[in-house]
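Architecture at a glance
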Amino acid sequence: MQIFFQQVINGLSLGSIYALLALGYTMVYGIIKLINFAHGDIYMLGAFWGYYVINSWHFNFIEALLSAMVVGAVSGVVIEYFAYRPLRHSPRITALITAIGVSFLLENGMSYLFSSNTRSFPQIIQQHNYNIGGVLISNIQILILVTACVLMVLLQLIIKKTKMGKAMRAVSVDSDAAELVGINTNVTISFTFALGSSLAGAAGVLIGLYYNSIDPLMGMTPGIKAFVAAVLGGIGSVPGASVGGFLIGILETLFQSIGLSAYKDAVVYGVLIIILLILPAGLFGKNKKEKV
Amino acid sequence: MKANIKTNIIWLIIMVAGFYLINTLILVGVVNAFIENMLVTIGINIILATGLNLVIGFAGQFSLGHAGFMAIGSYATAIITSSMETPAGFYIALVVGIILSIIAALIVGIPTLRLRGDYLAIATMGAAEIIRIIINNLKITGGASGIFNIPNLASWPTVYVMVCITTIIIVNFIRSRGGRAVKSVREDEIAAEAMGINIFRWKLLAFVIGAATAAVAGSLHASYLQTIGPNDFNIMESISILIVVVLGGVGSITGTFVAAAVLGVIDTILQNFGTLRMVIYSIALILLMVFKPSGLLGTWELSLQRIFKHKRKTGGVAND
C-alpha cells in the first residue's frame, strides 16, 4: 500500500506537468480547432529560458518561473501571428502541418543554435524529503503540485470571471457570432495562445527542477502525451485537461513501478483508445448530437 | 469507353517509357548510386502517401497511424527473407506482410473508425505506437536495436513496378463504385447512409487498402535499406507521410507524386547542409503551407483525358 501511495505521489507530480501542457492544447483546440504541435516545444523554450536566467542572471525560482511564463506567452503569440493567423480560413489539416513545421523549426533551430547536448538544470532549490507514514515526498514535488494547482485555479478564474475569459468562451462557441457582437477575435485568439503558452513555459521550468536535465528535443514526447491527456479529458474542456493530465501521469508511474516500464506508453495509448470507444468525446467532452 | 482505352494505353506507355528512361540514365551513368537511392526513397514515399491519401483525401478519415502498418510489412519481410534469401522469399514475405497488415488494420479499424476527426487521428496514432512498442519488446524482431543484414532483394525496378501496381489499384478503386461510395462518405456521412451506403464498411475498406499498400512500402523499405529498427516507424514517420499527402493536395493522386518528388529532391539537396538541413526544411514547409494552403495541386489532377478534351475543342479559344 505504501508503494502504491508513493507511486501515486510521483504520478501526481508528473501528471501536473502533463496537465499544465494539456491545458494549452485544449484551450487552443477549443478556440481555433487546431492541434498545436508546437506546444511541446514552447515548454522546451521555457525550460531553456529557466536554465539560462538561473545560470547567467542568478534568478531565484519565482523569478525564473514568471519570466519563463512571459517568454512562453510571447513566443506563443508570435508563432500564432506568423504561422497560424494566415491560415485561419484554410483547411484544418493545412494548419496542422504548419504546426508540425513550427515544431520542427523550434526543435532544430534550438539544436542548431545551442547544440543538441543534454544540459543539467541548475538546482536552485535544495531537495528535502519528507517522510509521511512511509511515503517519501520531496519539497520539489510539493512545489510542482502547488504551483500547478495555483496556475490551474488562476486559469479557471480568468476564463470564468474576466471579460477576456468571457470573450474566449464566446469565440470558441461561435467565432462569427462573437465577431458580430463586437468581440475582437484576433486579440482573443492571441490572448488564448498567450495563456496556454505561459502555462507551457512554467511547466518547462518545473520539469527542469524535477528531472534535472533538458535538451532541445525534450518537448516532443511530453507534448504528444499531453495531447493524449487533453483528448482523454475531452478536448476543449479545461477541467478535462487537468484530470486527463493527472490520470496519464499516475497510469505511467504505476505501470513503471510494477515492472512494465517498456509497455507504459502502450498502456497509456490502450487506455486512451478504450476510453474513446466508450466515451467518443473524452471524459468531460460534450457529445454533439448528429443533425441532418 | 474508347477514350478510356486510349488514356490507359498512353499511361501504360508513359510507365514503360519512364522505366526505360531511368534504366538508360543508370547505364549511361547520369543517375549514380546517390540519385538512385533518392529515386527509390521517392518511390517508397509515393506508395505510402497514395495509400494514406486514399484514407484521408478520398474517404475523409484522418489517420495518423500509417507508420504502424508500414512497420508490420517491414518486419515481415526482414524476418522471412533473413531465412529465405531468394526472390521467391521476398514475394512470400510481401504477401505475408500484406496479410498481417490487413489483419492489424481490421483489428484497429473496426473499433476506431467509429470515431471522428481528430479523435480518430489520435486513436490511430495510439494504435501505431502500440504496434511499435510491441515490436520494440519482442525477441523475434530484434528488440530496440532492430534487424540488420536483411538480404537486398528489392532493387529499383522492383520499387518502380510496385509503385505502378499500387497506384493502378488505388486509382481504379477510386474510380469504381467503391470509390464513389467512399467519396460520398467523405462528403456527407448522413446523406450517404440515406442513399443506402454502408458507410462503416466502405471506410474500413479504404483503411484496409491503405494499410496493405503501407505494408508493401514497408517491405520494399526493409529490403532496400537492409537495416530497420522500431524507431524508423514512430509518430514522426506517420507525420512525414502525412506531410507528403497534404503538400501534394489532399485528394489528388498526381499531387502526391509531385509532392513526394519535390520533397525527395529537397531532402537530397539539403544533405549538404548538415545540421542546418532540418531548419531549412521546416521553414520551407511552413512557407509552402502559408502561401499554398491547399497543397501543390489542391484537388486538381493531372489528367490525360482533360488534355485530349482540350485539344479536341481546339481553335485555342476553348479554355475551361
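Quick look at the structure, then. Here the residue numbering is sequential within each chain, running from 1 through the sequence in written order. Note on labels: chains are lettered from A, ligands numbered from 1, in written order. For a predicted model such as this one, the threshold for reporting local features is a pLDDT of at least 70, and the threshold for listing and counting side-chain atom pairs is 80 or more; totals across whole chains, interfaces and linings nevertheless cover every residue.

Attention shifts here to the overall build of chain B. The numbering of helices and of strands both runs from the N terminus, where a helix is a DSSP run of H or I of at least 4 residues and a strand a run of E of at least 2. Scanning chain B from terminus to terminus reveals 13 helices and zero strands. Mapped from its N terminus to its C terminus, chain B presents α and β elements in the order α-α-α-α-α-α-α-α-α-α-α-α-α. Against the 2.2 N^0.38 benchmark of 20 Å for 320 residues, chain B shows a C-alpha radius of gyration of 20 Å, consistent with a compact globule. Judged by the C-alpha coordinates and their principal axes, chain B covers about 65 × 55 × 40 Å. Partly exposed residues are those whose C-beta has more than 12 but fewer than 20 other C-beta atoms within 10 Å; with 20 or more the residue is buried, with 12 or fewer it is exposed, and the C-beta atoms are placed from the backbone. Here chain B, with 320 residues, has 44% of them falling under the buried criterion. Sequence-distant contacts in chain B: of pairs separated by 6 or more residues, those separated by 24 or more amount to 80%. Within these notes, the globule rule equals 2.2 Å times the number of residues to the 0.38 power, and the radius of gyration is based on C-alpha atoms. Our contact criterion uses C-beta atoms placed from the backbone: two residues qualify when those atoms are within 7 Å.

Next up on the list: the overall build of chain A. Helix and strand counts for chain A stand at 11 helices and four strands. Computed over its C-alpha atoms, the radius of gyration of chain A comes to 19 Å, within 12% of the 19 Å expected for a compact globule of 292 residues. With respect to the three principal axes, the spread of C-alpha positions in chain A is 60 × 45 × 35 Å. Sorting the 292 residues of chain A into buried and exposed places 52% on the buried side. The long-range fraction of contacts in chain A, counting pairs at least 24 apart against all pairs at least 6 apart in sequence, stands at 76%.

This part covers the environment of B:A123. Among the secondary structure elements, B:A123 is positioned in helix α5 (residues 117-137). Note: C-alpha distance between B:A123 and B:V108 (15 residues apart in sequence) is 8.9 Å. When residues no more than four places from it in sequence are discounted, the contact partners of B:A123 are A:I273, A:L276, B:T112 and B:L115.

Residues and elements named next belong to chain A. Helix axes use the C-alpha atoms of the stretch in contact, all axes being lines fitted to C-alpha atoms, and the angles between their N-to-C directions lie in the range 0 to 180 degrees. The interhelical angle for the contact between helix α9 (residues 220-233) and helix α11 (residues 264-278), taken along N-to-C directions, is 25°, at an axis separation of 10 Å. As far as their axial angle goes, α11 and α9 are roughly parallel. Relative to α11, α9 is oriented so that their crossing is left-handed. Within the contact between the two elements, α9 uses V228, V231 and L232 and α11 uses V268, L272 and I275. Note on residue classes: Ala, Val, Leu, Ile, Met, Phe, Trp, Tyr, Cys and Pro are nonpolar, Asp, Glu, Lys and Arg are charged, and everything else, Gly too, is polar. Its residues assigned to classes, the contact of α9 with α11 shows six nonpolar, no polar and no charged. The scheme is simple: roughly parallel for angles under 35 degrees, roughly antiparallel for over 145, roughly perpendicular for 65 to 115, oblique for anything else. Left-handed describes a crossing whose near helix is turned anticlockwise from the far helix through less than a right angle; right-handed describes the clockwise counterpart.

Here we come to the interface of chain A and chain B. At the interface, 36 residues of chain A touch 33 residues of chain B. Contributing elements (two or more residues each) for the side of chain A that touches chain B: α4 (92-114), α9 and α11 of chain A. By residue number, the principal contributor to the side of chain A that touches chain B is α4(A), which donates 13 residues. Looking at the side of chain A that touches chain B residue by residue, the class counts come to 26 nonpolar, eight polar and two charged.

Before going further, it helps to spend a moment on the environment of B:A212. All names here are of chain B. Turning to its location among the elements, A212 is positioned in helix α9 (residues 199-225). It is 7.6 Å that separates the C-alpha atoms of A212 and F69, two residues lying 143 residues apart in sequence. Once you skip the residues sitting within four places of it in the chain, A212 turns out to touch I98, S101 and I102.

All names here are of chain A. Along the chain, the position of A148 falls in helix α5 (residues 139-161). C-beta crowding within 10 Å serves as the criterion here: with 26 such atoms nearby, A148 is assigned to the buried category. Sequence separation between A148 and L20 is 128 residues, and the spatial gap between their C-alpha atoms is 6.7 Å. Non-local contacts of A148, meaning those with residues more than four positions away in its chain, are made with S16, A19 and L20.

It is worth spelling out the packing of helix α10 (residues 235-248) of chain B against helix α11 (residues 253-270) of chain B at this point. All names here are of chain B. The contact between α10 and α11 brings their axes to 7 Å, and the two run at 120°. In terms of their interaxial angle, α10 and α11 are classed as oblique. At the point where α10 passes α11, the crossing takes the right-handed sense. Two secondary-structure elements touch here, α10 through V244, V245, L247 and G248 and α11 through G255, T256, V258, A259, A260 and L263. Looking at the contact of α10 with α11, its residues break down into seven nonpolar, three polar and no charged.

Before going further, it helps to examine the pairing of strand β3 (residues 135-138) of chain A. Residue and element names in this part refer to chain A. Strand pairing follows a simple DSSP-based rule, namely that at least 2 bridges must link the two strands. Bridge analysis of strand β2 (residues 129-132) against β3 gives four bridges, and the strand direction is antiparallel. Its bridge partner lying in β3, N131 is registered against L136. Between β2 and β3, which pair antiparallel and follow one another directly, the connecting turn spans two residues, one of which, G133, has a positive phi of 55°.

All right, on to α11(B) then. Residues and elements named next belong to chain B. Expected helix span is given by 1.5 Å per residue-to-residue step, counting one fewer step than there are residues. Spanning 18 residues, α11 covers 26 Å between terminal C-alpha atoms, matching the ideal 26 Å at 1.5 Å per step. Buried within α11 we find I253, G255, T256, F257, A259, A260, L263 and G264. Of the surrounding elements, those touching the buried residues of α11 are α2 (33-58), α6 (156-175) and α10.

Positive phi is not limited to glycine here, since A:K33 has a value of about 55°. In this fold, A:K33 is placed in the loop between α1 (2-32) and α2 (39-56). One non-glycine residue with positive phi stands out, namely B:N149, at about 55°.

Turning to helix α7 (residues 177-187) of chain B, its buried residues are B:A181, B:V182 and B:V185. Here the buried residues of α7(B) occupy an arc of 100° about the axis, which is enough to place them on one side. By construction, the arc corresponds to the directions joining the helix axis to the C-beta atoms.

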